Structures are given as structure tokens and as C-alpha cells.
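# Residue-level structure breakdown
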Amino acid sequence: MAYEKGQQLPLQTFRVTRADLVRYAGASGDFNPIHWSERTAVGVGLPGVIAHGMYTMALAGRAVTGWVGSADAVLDIGVRFTRPVPVPDTDEGTEVEFTAVIKSVSEDDLVTFDLTATCAGEKVLAQARVVVKQI
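Remember, predicted model here, so these are calculated numbers, not experimental data.

We now examine the nonpolar core. Counting 34 residues, the largest nonpolar core has Val-16, Trp-67, Phe-98, Phe-113, Leu-115 and Leu-125 as the members making the most contacts within it. Secondary-structure elements contributing two or more residues to this core are β1 (8–16), α1 (18–28), α3 (53–68), β3 (94–105), β4 (110–119) and β6 (125–133).

Structure below.
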């Protein structure tokens, strides 16, 4: 796919459930109770159980590879976490939506995206920037 500055990439949506958080905790070794215990999460001032920040970032990477078609085209991803992703204790969980706009395309085929990630209408990542090699 040829990219052009200002081009908007299509919306990608990923569902996140408590079961996903359990699997991610096992894979990552991050068993912080704010990711599985409602009582603990609320006790520290959170709205409830929240997704791991790095899980949210992994979903961003999944969105990017969906747009570019290949994980090896991704050269750099950087984000700041701005809001937690609350995950209710329901079968549906929550949804995280990703969009992107092409910020620049260099002569050597490096493409920079500005990425937007939202959950329940709130931005959950800031300064989210991705660099890929146009293949």
C-alpha cells in the first residue's frame, strides 16, 4: 500500500475481557491485582479492574500490523499512557478503538503515523507515534 501524508487509516476495534487480562498476566508475569481484583483496583482509586498498559500497547501494535500487513515493517512504536482502560466483569468486556493519520512519508519509504486509541470515547494513549518501512 502506498501511503500519503494526511491519509486516514481505517478504524480497528479490539475487544478486551477479563479473561484476556488473565491470559496476559500469565504471559507477561504481571499479576498486579489492579488487573484482576475489583476490590483492590477500587481501593487504590481506579474505576475498577483495568487492562495492563502494555497490553493496550500490544493492541496498538496489532492495529499497526493490520494496516501495514507485516510485523517486520514496524520499526518503532512509542506511546504515553493517559487513561486506564477499565474492563468490566461482563462477557462483552470493553472495546479499544484505533485510528491513525499519516504524518509523513520520507524519501527512503519511512512512514510515520500519529495513532489514536480510545476506550468509551476517552483517549487512552497520547503522543502515540509509529514508524514503519513501506514495503
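Right, let's get into the side chain of His-52. When you line up the elements, His-52 lands in the loop between α2 (38–43) and α3. Judged by its relative accessible area of 1%, His-52 is buried. Once residues within four sequence positions are removed from consideration, His-52 is found in contact with Leu-21, Tyr-24, Ala-25, Asp-30 and His-35.

Take the UniProt feature "domain: MaoC-like" (unreviewed entry) in the protein next. If you check UniProt for "domain: MaoC-like" (unreviewed entry), the listed places come out as residues 12–94 in our numbering. Across residues 12–94 one finds 40% helix and 17% strand; the C-alpha atoms that close the span lie 14 Å apart.

Residues other than glycine seldom take positive phi values, yet Ala-120 does so here, at roughly 55°. By the secondary structure assignment, Ala-120 is in the loop between β4 and β5 (122–123).

In the structure shown here, the tally under the stated rule is six salt bridges. Close ionic contact of Arg-18 with Glu-38 constitutes a salt bridge, the shortest N to O distance being 2.6 Å. A residue pair is termed long-range when its members are at least 10 positions apart, and Arg-18 in helix α1 and Glu-38 in helix α2 qualify at 20 residues. A relative accessible area of 15% places Arg-18 in the buried class. With a closest N to O distance of 2.7 Å, Asp-114 and Arg-129 form a salt bridge. Separated by 15 residues along the polypeptide, Asp-114 in strand β4 and Arg-129 in strand β6 bring together distant segments of the chain.

On to the environment of Cys-119. Take Cys-119: it is sitting in strand β4. Taking the relative accessible area as the measure of exposure, Cys-119 reaches 5% and is therefore buried. Along the primary structure Cys-119 and Met-57 are separated by 62 residues, whereas in three dimensions their C-alpha atoms are 13 Å apart. What Cys-119 contacts, discounting residues up to four positions off in sequence, is Val-85, Pro-86, Thr-94, Glu-95 and Val-124.

Take the side chain of Thr-112 next. Relative to the assigned elements, Thr-112 resides in strand β4. Sequence-distant contacts of Thr-112, defined by excluding residues within four places in its chain, comprise Val-101, Ile-102, Lys-103, Ser-104, Arg-129, Val-130 and Val-131.

Under the criterion given, the structure shown has four aromatic pairs. Feature note: the residues Tyr-3, Trp-67 and Phe-113 constitute an aromatic cluster, connected by ring pairs.

Time to look at α1. Residues of α1 that are buried: Arg-18, Asp-20, Leu-21, Tyr-24 and Ala-25. In a view along the axis of α1, the buried residues occupy a sector of 150°, so they form one face of it. The exposed residues of α1 that point more than 90 degrees off its buried face are Val-22, Arg-23, Gly-26 and Ala-27. Buried positions along α1 lie against β1, α2 and α3. Where α1 ends, the next residue or the one after it, Gly-29, has phi of about 85°, a positive value.

Procedures and definitions
- Residues numbered from 1 in each chain as written.
- Predicted model: local features only at pLDDT ≥ 70, side-chain atom pairs only at ≥ 80, totals over all residues.
- Heavy atoms only, no water.
- Core = buried A, V, L, I, M, F, W, Y, C linked by side-chain atoms within 4.5 Å.
- Buried < 20%, exposed > 50% of the residue type's maximum accessible area, 1.4 Å probe, protein only.
- Helix = DSSP H or I, 4+ residues; strand = E, 2+ residues; numbered from the N terminus.
- Contact = heavy atoms within 4.5 Å.
- UniProt positions renumbered as here; feature names shortened; annotations may be inferred.
- Salt bridge = Lys/Arg side-chain N within 4 Å of Asp/Glu carboxyl O.
- Phe/Tyr/Trp six-rings, centres within 6.5 Å; stacked < 30°, edge-to-face > 60°.
- Arc of directions from axis to C-beta.

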